[in-house]
Structures are given as structure tokens and as C-alpha cells.
Amino acid sequence: MVEKARLRVLRGNKDGGDFENYEVETYPGMVVLDAIHEVQAKNAPDLAVRWNCKAGRCGSCSAEINGKPKLLCMTRMSHYPADEPITVTPMRAFPVIRDLVTDVSWNFKVAKKVPPFAPRPRDKDGHYRMQQMDIDRVQEFRKCIECFLCQNVCHVIRDHQKKEEFAGPRFLIHLATLDMHPLDTLDRKDMIKEEFGVGLCNITKCCTEVCPEHIHITDNAIIPLKERVADDRYDPVRWLLRKVGTKDERRKATSKDTGPKRPSETAARVSTSKEPS
Ligand code: SF4
Ligand code: SF4
Ligand code: FES
């Protein structure tokens, strides 16, 4: 027997919109993006949706399903009760362009403000050396697909619209990646505090809950970043050394790498021909 599902899709643009109801035939393994494509093919060819890979890799198909931020291509129809309509709406934190497509360009503007990776010179033999634990620590953050679901759910952006004062979880991850990177030489802590507003995050962990890559955004990036900024800016000894210490003392006081180290670890050669990032 052919099974059917009901979809309620918010259609409209920046001036407003309304829900339209559609019925689609379902099949095993069908995802919500497939259902939207069915609607486009059979009922509403002008229904706008952004997508690209259909494999959870490009981060384009972000939207809200029954009010929860999700990737449309990674959410199975079978996840929802067959006898209830499935509501699909655009991300709420960003301006709607049309139907399910939102204008996420604010995120790209924030990205441009982050000073890029600035590695120290290579060792005398032409190699870079890093501790394996330093690599492991930032590896998780590199899984980000820039879907901006975490940005969408963060109440600082979504409810309080503090887009000028706060970079959002995606970019706090990026800043944490740079700050924890053992080869990077730039100190961005003043910017992280003042311009990117790390203090506005009250570690509710909503961002972590919606991340399709299961990055521990709050525990592994934002909280350590807050601690690093606090250590650097509010520890009286570090503050004094930064102000009046010798060059070597100042360097130690502003050292980027304040994370714990395991003494048993040996240095690992990780790059010979490629610039690390
Ligand atoms: S933990 Fe911080 S960044 Fe994440 S959603 Fe909550 S306030 Fe926003
Ligand atoms: S951190 Fe997770 S939720 Fe945020 S943009 Fe990256 S992949 Fe998406
Ligand atoms: S279409 Fe690429 S993540 Fe969904």
C-alpha cells in the first residue's frame, strides 16, 4: 500500500508568508528534502529550497522541521508520526529570501573579520612540529560544514539579534581552533572578548544539541575559550607581566598555549610540504 505524508511548508518572502499544505507519497529511506523535491515536481515548481550535496556535507539545506533546526537531507520522514503533518520552515535567525531559503551572508561577514592563521617559521630542517594532543584537540572543530544551524538556534542571535556584538558558536569554534593551534602566533584574545563577544554566551549548549557533526561546541570550544580569555586578561600576575615584564616574561605571560600538556607526549612531525591550517 502506498503511504502518504502531509507537509506544511512556510511559503513567502521577506514581506511575510503563509503555510501551504501538500501531500506526498513516501518510500523507505525518504528524507524531508526528498519530500520537498516531490512537492516541487508535482505541486509547486516555484517552491524555493537551497541544497547541494544531499549527503550532509555542504551545509546548504538547513531549515527547521517541526520547529527544530535540522538538515533537510539528513532527516528521515520515518522519524515523524505518519498521521501528523510535518512542518517545514526556514531558519528563523536569518532573513528569508524566499520560502525555505534564507540570507546567511551575515555569517560570511563575521568570517572575514577573523584574522587568519599566522604560523611561526618552520624549524631549521624545514618541518613543522606539533604535539599529537594539540592536533587531536582542534581536529573535532574541523568537521564543521558551516550549516549555521548552531547560529540559528543561539538565543543571543535568534532572540536578541546581537549580530553586531556576537560572532556566534560557529565562529567561536573557529577562534578556538586558531587560539589552540600550537603553530599560530597571533593573539586574538582582545578581539574574542570585545569584538566577537565571547562573554555573551551563557553556555546553554543549545548549539551543541543541534550540530549535525556532533561537535562539542560548548564544552570543547567555547568554555576553554572563555577560560583562556579570562586567564589572559584577568589573572593579575599575567596582567602585570604583560605590562612590566621583560620581553621573555611578556612572551610567557601572553603565551597562546595555556592548555594542559601530557609530559609523556613526544613531538610529532606533521607537515613537510603543505602549509598547516
Ligand atoms: S552555548 Fe552559547 S553559543 Fe551556544 S547556543 Fe548557548 S549562548 Fe549560544
Ligand atoms: S558547528 Fe555544527 S551546527 Fe555549527 S555550523 Fe558547524 S556543523 Fe553546523
Ligand atoms: S544538501 Fe548538502 S547538507 Fe543537505
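Residues numbered from 1 in each chain as written. Chains lettered and ligands numbered in written order. Predicted model: local features only at pLDDT ≥ 70, side-chain atom pairs only at ≥ 80, totals over all residues.

1. Comments concerning the overall build of the protein
Stage number 1. Counting its regular elements, the protein contains 11 helices and 9 strands.
Stage number 2. By residue count, 32% of the 277 residues in the protein fall in the buried class.
Stage number 3. In the protein, the share of contacts with a sequence separation of at least 24, taken over all contacts with a separation of at least 6, comes to 65%. (Helix = DSSP H or I, 4+ residues; strand = E, 2+ residues; numbered from the N terminus. Buried ≥ 20, exposed ≤ 12 C-beta atoms within 10 Å, placed from the backbone. Contact = placed C-beta atoms within 7 Å.)

2. Concerning the confidence of the model for the protein
Stage number 1. In the predicted model, the protein carries a mean pLDDT of 89, and 87% of its residues have values of at least 70.
Stage number 2. Overall, residues 257–277 carries pLDDT values under 50, and its contacts beyond four positions in sequence, including any with other chains, amount to 28 contacts. (pLDDT = per-residue confidence, 0-100.)

3. Observations concerning the pairing of strand β1 (residues 3–13)
Stage number 1. Pairing between β1 and strand β2 (residues 16–26): 11 bridges, direction antiparallel. Along β2, the bridge assignment pairs Lys 4 with Glu 25.
Stage number 2. Between β1 and β2, which pair antiparallel in sequence order, lie 2 residues.
Stage number 3. Taken together, the 3 bridges between β1 and strand β5 (residues 86–89) define a ladder with parallel strand orientation. Bridge pairing in β5 places Arg 8 opposite Thr 87. (Pairing = 2+ DSSP bridges.)

4. Remarks on the site of ligand 2
Stage number 1. Around ligand 2 there are 16 residues in total, and Cys 144, Cys 147, Cys 150, Arg 170 and Cys 211 lie nearest to it.
Stage number 2. Among the secondary structure elements, those contributing two or more residues to the shell around ligand 2 are α4 (149–153) and α6 (169–180).
Stage number 3. The biggest single contributor to the shell around ligand 2 is α6, with 3 residues.
Stage number 4. Here the shell around ligand 2 is composed, by residue class, of 13 nonpolar, no polar and 3 charged. (Near = placed C-beta within 6 Å. Nonpolar A, V, L, I, M, F, W, Y, C, P; charged D, E, K, R; others polar.)

5. Focus on the packing of α6 against helix α9 (residues 217–234)
Stage number 1. Where α6 contacts α9, the two axes come as close as 9 Å, and the packing angle between them is 65°. As for the relative orientation of α6 and α9, their crossing is left-handed in sense. For the pair α6 and α9, contact is made by Pro 169, Leu 172, Ile 173, Leu 175, Ala 176 and Asp 179 and by Ile 217, Ala 221, Ile 222, Pro 224, Leu 225 and Arg 228, respectively.
Stage number 2. Per-class residue counts for the contact of α6 with α9 are 10 nonpolar, no polar and 2 charged. (Axes fitted to C-alpha atoms, helices over the stretch in contact; angles between N-to-C directions. Left-handed = near helix turned anticlockwise from the far one by under 90°.)

6. Comments concerning the site of ligand 1
Stage number 1. The environment of ligand 1 is made up of Cys 154, Val 156, Pro 169, Cys 201, Asn 202, Ile 203, Thr 204, Lys 205, Cys 206, Cys 207, Thr 218 and Ile 222.
Stage number 2. Of all the elements in the fold, those that place two or more residues in the shell around ligand 1 are α8 (206–210) and α9.
Stage number 3. Residue composition of the shell around ligand 1, grouped by class: 8 nonpolar, 3 polar and 1 charged.

7. So, the nonpolar core
Stage number 1. Membership of the largest hydrophobic core comes to 57 residues, with the highest contact counts inside it found for Leu 7, Val 32, Leu 72, Cys 150, Leu 172, Ile 173 and Leu 225.
Stage number 2. Per-element accounting of this core gives the leading share, 7 residues, to α6.
Stage number 3. Look past the residues within four positions of Cys 150 in its chain and what remains in contact with it is Pro 169, Arg 170, Cys 207, Val 210, Cys 211 and Ile 217. (Core = buried A, V, L, I, M, F, W, Y, C linked by C-beta atoms within 7 Å.)

8. Description of the environment of Ser 78
Stage number 1. Positionally, Ser 78 belongs in the loop between β4 (68–71) and β5.
Stage number 2. Of the residues examined, Ser 78 has 14 C-beta atoms within 10 Å and is grouped as partly exposed.

9. Regarding unusual backbone geometry
Negative phi is the rule for most residues except glycine; trans is the rule for most peptide bonds.
Stage number 1. Despite not being glycine, Glu 146 shows a phi value in the positive range, around 55°.
Stage number 2. Of note, Glu 146 is situated in the loop between α3 (132–139) and α4.
Stage number 3. Here the phi dihedral of Ile 203 falls at roughly 45°; this positive angle occurs in a residue that is not glycine.
Stage number 4. Considering the arrangement of structural elements, one finds Ile 203 in the loop between α7 (189–194) and α8.

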